[in-house]
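Structural description and commentary
Each chain, written out:
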Amino acid sequence: ARFFDDHSFMEIHMSYRNFRYPFAAFAFLLFASSVPLHADELDCDDAQTQADMTQCAGKSYQAADKKLNARYGDAMKRYESNEEARTLLRDAQRAWIAFRDAECDLVTLGVRGGSIEPMIRAQCLEDLTEDRSDQLEDLVDCQEGDLSCL
């Protein structure tokens, strides 16, 4: 015996079909809005899982990279009237990026393919990026004629 006759089934199906997409959109938006909340709530001082530690390392690297980009912009502004210095700075930055990537390849060689590799890579990238950011800050803060900061 069928629970619904054909007429009842069609009424239920039609009403479901009319609300299927708005409900799906609402469910997706609800889920999507909860994902960033978890990321913002992540306590990186007490990360317990490898996934959380990797996410925290990635966030730290992103912050260091943002700071580096600002410092690089400051350095380019310092040399806005000196095209040769801007070209040399750009070339040095490109060479540094190649060094950074190769260095982090070497550092992560022992953990390549493991679940810890992304975290170790992010930590390496962060450390080298912070060092480079400090170098660029020194360059920006260097007074004309001061040979101690060359």
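What counts and what doesn't
Residues numbered from 1 in each chain as written. Predicted model: local features only at pLDDT ≥ 70, side-chain atom pairs only at ≥ 80, totals over all residues. Heavy atoms only, no water. Helix = DSSP H or I, 4+ residues; strand = E, 2+ residues; numbered from the N terminus. Contact = heavy atoms within 4.5 Å. Areas by Shrake-Rupley, 256 points an atom, 1.4 Å probe, with all protein chains shown as cover. Salt bridge = Lys/Arg side-chain N within 4 Å of Asp/Glu carboxyl O. Buried < 20%, exposed > 50% of the residue type's maximum accessible area, 1.4 Å probe, protein only. pLDDT = per-residue confidence, 0-100. Axes fitted to C-alpha atoms, helices over the stretch in contact; angles between N-to-C directions. Parallel < 35°, antiparallel > 145°, perpendicular 65-115°, else oblique. Left-handed = near helix turned anticlockwise from the far one by under 90°. Nonpolar A, V, L, I, M, F, W, Y, C, P; charged D, E, K, R; others polar. Core = buried A, V, L, I, M, F, W, Y, C linked by side-chain atoms within 4.5 Å. Polar contact = N/O pair within 3.5 Å; in protein donor to acceptor, adjacent residues only side chain to side chain.

What about the overall build of the protein?
Looking only at helices and strands, the protein has four helices and zero strands in total. Its helices and strands taken in sequence order, the protein reads α-α-α-α from the N to the C terminus. Pairs at least 24 residues apart make up 62% of the contacts formed inside the protein by residues separated by at least 6 positions. Carbon together with sulfur atoms contributes 58% to the accessible area of the protein, which is approximately 11,000 Å² in total.

What to know about the pattern of salt bridges
Pairs can form between side chains of opposite charge whenever their charged atoms are close. For the coordinates displayed, the defined rule picks out five salt bridges. A salt bridge links Arg100 to Asp101, with the shortest nitrogen-to-oxygen separation between them at 2.9 Å. With a closest N to O distance of 3.0 Å, Arg121 and Asp105 form a salt bridge. Of this pair, Arg121 sits in helix H4 (residues 117–141) while Asp105 sits in helix H3 (residues 83–107); the two residues are 16 residues apart in sequence, bridging distant segments of the chain. For Arg121, a relative accessible area of 24% corresponds to the partly exposed category. For Asp105, a relative accessible area of 36% translates into the label partly exposed. Salt bridges sharing partners connect three or more residues here, namely Asp105, Glu117 and Arg121.

A short note on the confidence of the model for the protein
Scored by pLDDT, the protein has a mean of 80; 71% of the residues are at 70 or more. Of all secondary-structure elements in the protein, the lowest mean pLDDT belongs to helix H1 (residues 6–41), at 44, while H3 reaches the highest, 97. Confidence over residues 1–37 falls short of pLDDT 50; this stretch has two contacts with residues more than four positions distant or in other chains.

Concerning the packing of H3 against H4
With their axes 9 Å apart at the nearest point, H3 and H4 run at an angle of 155° to one another. Between H3 and H4, the interaxial angle falls into the category roughly antiparallel. Of the two elements, H3 crosses H4, and the hand of that crossing is right-handed. Contacts between H3 and H4 involve Leu89, Ala92, Gln93, Trp96, Phe99, Arg100, Asp101, Glu103, Cys104, Asp105 and Val107 from the former and Ile120, Arg121, Cys124, Leu125, Leu128, Thr129, Arg132, Leu136 and Leu139 from the latter. When grouped by side-chain class, the residues that make up the contact of H3 with H4 number 12 nonpolar, two polar and six charged.

Some remarks on the nonpolar core
Ranked by internal contacts, the top residues of the largest apolar core, which has 14 residues, are Tyr72, Leu89, Cys104, Leu128 and Leu136. Mapped onto this core, the elements with two or more residues apiece are helix H2 (50–78), H3 and H4. Top element by residues in this core is H2. It accounts for five residues. With sequence-adjacent residues up to four places away left out, Cys104 is seen in contact with Arg121, Cys124, Leu125 and Leu128.

Considerations on the environment of Thr49
Along the chain, Thr49 turns up in the loop between H1 and H2. Among the polar contacts made by the side chain of Thr49, one reaches the main-chain amide nitrogen of Asp52 at a distance of 3.0 Å.

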